[in-house]
Amino acid sequence: MRIKKLADEIINKIAAGEIIDRPASVLKELIENSLDAQADRIEIKIEKGGKKLIEVKDNGTGIHPDDIMFAVDRHATSKISSIDQLYALDSYGFRGEALASIASVSKFSLISRAKGFPLGKELYIEGGIFKHLTDTGALEGTTVRVKDLFFNIPVRQKFLKSEKTELNHIIDVFLRYAIYHNNVFFSLDVDGKNIYTLLPADRQQRIKDLFPKAENILRFSQENQTGKAYGFLLLDYQTGKEFIYINGRPVRNSLIKKVLKSKAGKTISILFLELPPYMVDHNVHPAKIEVKLRKENPVLELVKEALENVSKPQINYSLNQKTAKYGGQFEIIGQIENTFIIVYFDGEIYFIDQHVASERINYELLLKKYRTTGLELKEIKPVKIPLDETQIEKIKNLRDKLKNAGIEFEITPDGIEITKSPLEGETLKNFILSLTETEYPDIEIEKFLGEVACEISIEAGEILNNEEAKNLLKIWLATNNPNLCPHGRPIYYKIPVETIKKKVGRV
Ligand code: ADP
Ligand code: MG
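Here we summarise the structure given alongside this text. Fair warning: this is a prediction, and the values are worked out from it, not measured in the lab. (Residues numbered from 1 in each chain as written. Chains lettered and ligands numbered in written order. Predicted model: local features only at pLDDT ≥ 70, side-chain atom pairs only at ≥ 80, totals over all residues. Heavy atoms only, no water.)

**As for the site of ligand 1**
Thinking step 1. Close to ligand 1 lie 19 residues, the nearest being Asn33, Thr77, Ser78, Lys79 and Gly96.
Thinking step 2. With respect to ligand 1, the side chain of Asn33 contributes an N or O atom lying 2.8 Å from an oxygen atom.
Thinking step 3. Every element with two or more residues in the shell around ligand 1 is listed here: helix H2 (23–36) and helix H4 (98–104).
Thinking step 4. Taken together, the residues of the shell around ligand 1 sort by class into seven nonpolar, eight polar and four charged. (Near = heavy atom within 4 Å. Polar contact = N/O pair within 3.5 Å; in protein donor to acceptor, adjacent residues only side chain to side chain. Helix = DSSP H or I, 4+ residues; strand = E, 2+ residues; numbered from the N terminus. Nonpolar A, V, L, I, M, F, W, Y, C, P; charged D, E, K, R; others polar.)

**Brief notes about the pairing of strand S16 (residues 331–336)**
Thinking step 1. Pairing between S16 and strand S17 (residues 340–345): five bridges, direction antiparallel. When the sheet's bridge partners are listed, Gln335 is paired in S17 with Ile341.
Thinking step 2. Between the end of S16 and the start of S17, which pair antiparallel, lie three residues, with Glu337 showing a positive phi angle near 50 degrees. (Pairing = 2+ DSSP bridges.)

**Some remarks on the side chain of Ser25**
Thinking step 1. Looking at where Ser25 falls in the secondary structure, it is placed in helix H2.
Thinking step 2. Owing to a relative accessible area of 11%, Ser25 belongs among the buried residues under this scheme.
Thinking step 3. Reaching out from Ser25, the side chain makes a polar contact with the side chain of Asp21 at a distance of 2.9 Å.
Thinking step 4. Not counting chain neighbours up to four residues away, the residues in contact with Ser25 comprise Ile19 and Ile20. (Buried < 20%, exposed > 50% of the residue type's maximum accessible area, 1.4 Å probe, protein only. Contact = heavy atoms within 4.5 Å.)

**Digging into a nonpolar patch on the surface**
Thinking step 1. Where nonpolar side chains cluster on the molecular surface, the patch consists of Leu6, Ile10 and Ile14 and spans about 270 Å² of accessible area.
Thinking step 2. By secondary structure assignment, the location of Ile14 is in helix H1 (residues 8–19). (Patch = residues over 30% accessible without salt bridge, like charges linked within 9 Å, V, L, I, M, F, W, Y side chains within 5 Å. Areas by Shrake-Rupley, 256 points an atom, 1.4 Å probe, with all protein chains shown as cover. Salt bridge = Lys/Arg side-chain N within 4 Å of Asp/Glu carboxyl O.)

The values reported here are purely geometric and, on their own, carry no functional implication.
And the structure:
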């Protein structure tokens, strides 16, 4: 066969395959365009998980009537004009590919009226084929309507998941932008029903509007030479979800996610990072929201520090500051199911999980020891772990750190034998094996100490008398982070007495 150039229509379809993989990615591109156009009102309509309709209407700058056709041209963009601008990007888009791609795989209409023009234009394209461009009456701003996504590529259509799954992806995208752009009005209608109406609000209020069950929100923040990290933990949501932003862009990053998980467990976490632009490589493929960091460790350290700062000063507000205010006076009501200590305190009733409160105390003590004298070396019945030579080498390199963590071992011909350790049995074996799995192993000390703390702490099911409960609470309140256990589980749940009054109609 001779070589020939592909037709635009085919090029667009190929590009669409890379950028647009499902309805949610269409929504992402459209929201980004509206935000880039300075819109402060964005209304979204979805039908059938986005398979039938994705519509985004904004009140942004609109598109100049003479430029409408360019909007769906590949590599046509109003956002950059030279290569330098790529590095100081303050818009979401710059490739000029999204609309061209979307229009090539859907029934696509673009209605836009630019500021200062009496009329708008409506462009209609079907499967990449131009159908019409007409004048139309419209409000200032832009509406994009994407119908029957992939109607002309049945294979792709078949690969879409159920409506419910596609809708979940759509809501995920919606949340990611709505959280960050708290000054923008957003609405989301799904199959004719309004799901969200979000008025402009401060960030914390926006989060509450999006997550109505969030009563206990913790703020954290830290700034150092690397940059700034701050955010929120929504303790009432244990659904394991992270929202990560770098310089205003929602991103995914598996390393940062791991840090969040290790510190916040399954709590929904929202993290904003402000980093110097050169640290972040956004200029990867548009579909890859997985962002690359030029220097990973300092950023991960920053995030860790920020999450450790969760208690000071804001969180103490919820409990510690109040104890200070009340001269450390709280009223212990009792213990239920030998598991929760119930405390009344400044108009609120706290249910405190005695095991995790105790775990938090022990964890912080252990961490202090690890960083200063090292943990005690406690003799155990020797535990043999068979390892090959490379594995042994890795463990040998960690000898000093392990000793600080209270672990001593001897090398045997076919592995190691642990003679001293704060942990025993399978937990110990698994911990050692996990160290041999990565290429450059390091001790995840927080995780390890979390395990140790768990073993030595007061258990659920232990009866505590008033004095014991009081002592536990006092020490717990003095910890750095009385809100979360080392595995990220919330330590307490509280109900305002006001809520109880409302529930029984005593107002
Ligand atoms: P990019 O966002 O990378 O520039 P797109 O294909 O997403 O590429 O959009 C092409 C162009 O169309 C944008 O550069 C912008 O000028 C215009 N445009 C798209 N959506 C909107 C909108 N909602 N409001 C105003 N202009 C828009
Ligand atoms: Mg765009």
